[in-house]
Amino acid sequence: MLSRRDILKASALGALAGGLINTAEADEYRNIVPPTSFEPEKGAKDLYKYQISKSHKRSLPYGWAREATVTQFPISEGVAGVDMTLEPGGLRELHWHAIAAEWAFMLEGRARITIIDPEGTSEVADFGPGDVWYFPKGYGHSIQALEEGAHFILTFDNGHFSEFGTFSITDWITHMPKEVLEKSINMPASIFSKTKQGEAYIVGGKTPPALPLPKNDGGRDDSPLTHRYQLMKQKPFFESDAGSVHLVSSKEFPISKTITGAIEIVKPGAVRELHWHPNANEWQYYISGTGRMTVFSSHGHAQTSDFGPTDIGYVPQGFGHYIENTGDEDLKVLVVLDNGIYQDISLSDWIAKTPNYLLADNFSNQAEDWKDKPKDKLVISRKKK
Ligand code: MN
Ligand code: MN
């Protein structure tokens, strides 16, 4: 079989010999380009999809949690995720994470966080639906549901991080010598006599008093950077009749140095267009609606999966992908990228900024064929009517 280069060489020689480029011959060359399949095959095993609803649920009287780490979802090296619900007053106790920063999105209800920074500054803040928090790696924090209860998605910038392996204060205290506790806080160790032995994880509590708190009782609020960002109250990063993207990177939310997050809404019939992220892995939680994603990993490998509410998707750094709405309601997806600087390159923008003669060469057609091409990045778009 002749390679494309051989054919080009042959036509070039033919053109030289004949003195003229034979357009019929050039057309013939175009016609022998094999048609590309536009229907990637569905893989037997989903590489880029995990159903967190199938993950073990750690249930306690005041809340539950289920997680997706590399153990459940091997491809997700860059990001681990947790789906958590707290009953009113339910407290995810004081704890820290040794190997990951925490970025969260509030789905429903309201909760209050407390956080202490290494500088000794602190913040107490309330969160409602659409709000985001970020806790740098190792900072001490707690989460307590307000009177409505709370349901949120936690993400961590390390796929090996397990929520069930956090450093919880009860676990710590109940494994330390009494004398050391007394010396450490200048109080009798009996202050912890009623503390649950081992890790409490989620405990029951009263719903907390309204903010602001007294200055001398938790209300200092002197963190130089806030840990709260009200994502869905901001102007969208992108909006059209095909959908919208609300996005928060370290540019808008300076403390969030290692994570960028977004809520993408794709309208029925529309697609979050083909693109990739040069600097980050992408983790997705499908909130509502139904969608389809094909992940392209080079060497002719592309895998397509269908997603519905509570499903998780993952796209390794640099892999090409899209998210298409396959239903008749809005598709809403939480997207988390493990880099505080947001970057993407999309197919529409690449085509928009590439000269038509080159596109014609690359795709074996004519420069004029590209005259109606996009002028700019489309982000979320649908077929022209
Ligand atoms: Mn945490
Ligand atoms: Mn993406």
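This text goes with the structure placed above it.
What comes next is a walk through the structure. (Residues numbered from 1 in each chain as written. Chains lettered and ligands numbered in written order. Predicted model: local features only at pLDDT ≥ 70, side-chain atom pairs only at ≥ 80, totals over all residues. Heavy atoms only, no water.)

Turning our attention to a nonpolar patch on the surface. Among the surface-exposed residues, Leu-94, Ile-169, Trp-172 and Met-176 lie close enough to one another that they form a single nonpolar patch of about 360 Å² accessible area. Position of Leu-94 relative to the elements: it lies in strand 5 (residues 91-96). (Patch = residues over 30% accessible without salt bridge, like charges linked within 9 Å, V, L, I, M, F, W, Y side chains within 5 Å. Areas by Shrake-Rupley, 256 points an atom, 1.4 Å probe, with all protein chains shown as cover. Salt bridge = Lys/Arg side-chain N within 4 Å of Asp/Glu carboxyl O. Helix = DSSP H or I, 4+ residues; strand = E, 2+ residues; numbered from the N terminus.)

As a further point, take the coordination of the manganese ion (ligand 1). At this site the manganese ion (ligand 1) is bound by His-95 (NE2), His-97 (NE2), Glu-102 (OE) and His-141 (NE2), with donor distances of 2.0 to 2.2 Å. Motif for the manganese ion (ligand 1), donor spacing along one chain: H-x1-H-x4-E-x38-H. Each member of the pair, His-97 together with Glu-102, is buried. (Donors = N, O, S within 2.8 Å, 3.2 Å for Na, K, Ca; no water. Buried < 20%, exposed > 50% of the residue type's maximum accessible area, 1.4 Å probe, protein only.)

Going through the model one piece at a time under the given rule, you end up with 1 cavity of 30 Å³ or more. Approximately 60 Å³ is the volume found for the largest cavity. Contributing to the lining of the largest cavity are Phe-237, Val-245, Leu-247, Ala-262, Glu-264, Arg-272, His-277, Val-335, Leu-337, Tyr-342, Asp-344 and Val-379. Breaking the lining of the largest cavity down by element, the ones donating at least two residues are strand 14 (243-248), strand 15 (260-266) and strand 22 (331-337). Here the lining of the largest cavity is composed, by residue class, of 8 nonpolar, 1 polar and 3 charged. (1 Å grid on protein atoms, 1.4 Å probe; cavity = no way out; pocket = protein on both sides within 12 Å on 5 of 7 lines; lining within 4 Å. Points joined across faces, edges and corners; volume = space filled by probe spheres on them. Nonpolar A, V, L, I, M, F, W, Y, C, P; charged D, E, K, R; others polar.)

Let us look at the packing of aromatic side chains. This model, assessed by the stated rule, comprises 14 aromatic pairs. Relative to Phe-167, the ring of Trp-96 has its centre 5.1 Å away and its plane inclined at 25°; by these criteria the two rings are stacked. Highlighted residues: Trp-96 in strand 5 and Phe-167 in strand 10 (residues 167-168), separated in sequence by 71 residues. Owing to a relative accessible area of 24%, Trp-96 belongs among the partly exposed residues under this scheme. Geometrically, the ring pair formed by Trp-96 and Trp-172 is edge-to-face, given 5.1 Å between the ring centres and 75° between the ring planes. Taken as a pair, Trp-96 in strand 5 and Trp-172 in helix 3 (residues 169-173) lie far apart in primary sequence, 76 residues in all. Through pairs of rings, three or more aromatic residues link up here, namely Phe-127, Trp-133, Phe-135 and Phe-152. The cationic tip of Lys-57 hangs over the ring face of Trp-64; the distance from NZ or CZ to the ring centre is 4.1 Å. (Phe/Tyr/Trp six-rings, centres within 6.5 Å; stacked < 30°, edge-to-face > 60°. Lys NZ or Arg CZ within 6 Å of the ring centre and 35° of its normal.)

Let's shift gears to the nonpolar core. In terms of nonpolar packing, the biggest core is built from 27 residues, with Trp-103, Phe-105, Trp-283, Tyr-285 and Leu-334 touching the most fellow members. The set of elements that each furnish at least two residues to this core consists of strand 6 (102-116), strand 8 (132-135), strand 15, strand 17 (282-288), strand 20 (311-315) and strand 22. Counting residues domain by domain, this core receives three or more from each of domain 1 (52-229) and domain 2 (234-382). Aside from chain neighbours lying at most four places away, what touches Trp-103 is Val-132, Trp-133, Tyr-134, Ile-153, Leu-154, Thr-155, Val-248, Ser-256, Ile-259, Gly-261, Leu-334 and Val-336. Within the second largest apolar cluster, 25 residues are counted, among which are Ala-104, Ala-111, Phe-127 and Tyr-139. (Core = buried A, V, L, I, M, F, W, Y, C linked by side-chain atoms within 4.5 Å. Domains from an automatic or database assignment. Contact = heavy atoms within 4.5 Å.)

In terms of burial, strand 22 is largely enclosed, as 6 of its 7 residues are buried. In terms of strand pairing, strand 17 meets strand 22 through 6 bridges, oriented antiparallel. Note on strand 22: the bridge partner recorded for Glu-282 is Leu-337. (Pairing = 2+ DSSP bridges.)

Here 7 strands make up an open sheet; going across it, the order is 1-20-17-22-15-14-13 and the pairing antiparallel. Looking at which strands have only one partner, the edges of the open sheet turn out to be strand 1 (49-51) and strand 13 (238-240). The average undirected angle you get between the axes of adjacent strands in this sheet is 20°. In the sheet, strand 15 pairs with strand 22 via 7 bridges, with the strands oriented antiparallel. Looking across to strand 22, one finds that Val-266 is bridged to Leu-331. (Axes fitted to C-alpha atoms, helices over the stretch in contact; angles between N-to-C directions.)

This paragraph deals with the side chain of Arg-272. Checked against the element boundaries, Arg-272 lands in strand 16 (residues 271-276). Looking at Arg-272, the relative accessible area reads 3%, which means it is buried. For Arg-272, the side chain forms a polar contact with the main-chain oxygen of Val-379, separated by 3.1 Å. Those residues within four positions of Arg-272 in sequence are excluded, and the remaining contacts are Glu-264, Val-266, Tyr-322, Ile-323, Tyr-342, Asp-344, Val-379 and Ile-380. (Polar contact = N/O pair within 3.5 Å; in protein donor to acceptor, adjacent residues only side chain to side chain.)

Let us look at the environment of Thr-226. Looking at the element boundaries, Thr-226 is found in the loop between strand 11 (202-203) and strand 12 (228-229). Considered as a pair, Thr-226 and Phe-253 are 27 residues apart in the sequence and their alpha carbons are 8.2 Å apart. With residues near it in sequence (within four places) discarded, Thr-226 still touches Glu-123, Phe-253 and Ile-255. Only 2.8 Å separates the side chain of Thr-226 from the side chain of Glu-123, close enough to count as a polar contact. At a separation of 3.1 Å, a polar atom in the side chain of Thr-226 contacts the main-chain amide nitrogen of Arg-228.

In short, the description is geometric, and any link to function would need to be established separately.
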